[in-house]
Amino acid sequence: MPEIAVKICGLTRPADVQAVAQAGAAYAGFVFFGKSPRNLSVADARALALTAPPGLCKVALVVDADDATLDAILADVPLDMLQLHGHESPWRVAEVRARYGLPVMKAIGIADAQDLAQIDAYGDVADQLLIDAKPPKGADLPGGNGLSFDWRLLQGRKYWQRPWMLAGGLTPDTVAQAVGLTGVRQVDVSSGVESAPGIKDATLIADFVTAAQGTPAVPRLANPN
Ligand SMILES: O=C(O)c1ccccc1N[C@@H]1O[C@H](COP(=O)(O)O)[C@@H](O)[C@H]1O
């Protein structure tokens, strides 16, 4: 079975990009949302994206972004995927996908079983689905809050219409359990690999990828005696 693909989101420094690549993550996320402590200017995002090695999928996270905002980002920043993390309708997801010709991942917030119904509405239009915890009412951020939801809601689900990724409050300590419970093959984290909001920690990134992929961080001795 192919290994778990990991996305590390909210990178702000070149060292973060290197840590993500070195740890073996598949995706690097750049946040374009003014209220986020991980928000990047277009110029800073371009500089960061240019440090990414080939093969690392560079994802732009936007929240209810209009065409002018997306035009400005995509004119300057070399990106491979768009993550729509707001209230974008299925129609808007299809429009963005057609306009920019990049794969689109649509985030869907889950708090209880009723929320699962929305996922089907996006299955025909998005390239990937990102199943995240629903933010608390009145929260400044629609994601990146370090909150998880009851992963058992996803148990028994045999497939979605599209590849999907699990997010929301994952940490190096919890990701293996989340993978085991849900059967997910892709995971996404932001807060859980930070030493402070917006400051990624290279050790936590490596620990997260290792835990997600089920390999011990320190190789075990064949014969401890
Ligand atoms: O990371 C952010 O600042 C952010 C801002 C606005 C929307 C989403 C954001 N992050 C995404 O939220 C989830 C979960 O993050 P966490 O691990 O719970 O902190 C993840 O998909 C991030 O990409």
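Please read these numbers as outputs of a predicted model, since none were measured by experiment.

Draft legend 1. Here's a closer look at the site of the ligand. If you check the shell around the ligand, you find 28 residues, and the closest are Cys9, Ser36, Gly143, Gly144 and Ser191. Mapped by element, the contributors of at least two residues to the shell around the ligand are strand 2 (27-32), strand 6 (128-133) and strand 8 (186-189). Along the lines of polarity and charge, the residues of the shell around the ligand split into twelve nonpolar, 13 polar and three charged.

Draft legend 2. Quick peek at the confidence of the model for the protein chain. Here the protein chain averages 93 in pLDDT, while 93% of its residues score no lower than 70. Here residues 217-225 is modelled with pLDDT under 50, and outside its nearest four sequence neighbours on either side it reaches two contacts, counting other chains as well. ipTM for the predicted complex: 0.98, alongside a pTM of 0.93.

Draft legend 3. Expanded view of helix 1 (residues 14-23). Inspection of helix 1 places Asp16, Val17, Ala19, Val20 and Ala23 among the buried residues, and these make up the whole buried set. Burial along helix 1 is one-sided: seen end-on, the buried residues are contained in an arc of 160°. On its buried face, helix 1 is in contact with strand 1 (5-9), strand 2, helix 2 (42-49), strand 10 (199-200) and helix 7 (202-213). Gly24 occupies a position one or two residues after helix 1 and carries a positive phi of about 95°.

Scoring rules and cut-offs
Residues numbered from 1 in each chain as written. Predicted model: local features only at pLDDT ≥ 70, side-chain atom pairs only at ≥ 80, totals over all residues. Near = placed C-beta within 6 Å. Helix = DSSP H or I, 4+ residues; strand = E, 2+ residues; numbered from the N terminus. Nonpolar A, V, L, I, M, F, W, Y, C, P; charged D, E, K, R; others polar. pLDDT = per-residue confidence, 0-100. Contact = placed C-beta atoms within 7 Å. Buried ≥ 20, exposed ≤ 12 C-beta atoms within 10 Å, placed from the backbone. Arc of directions from axis to C-beta.

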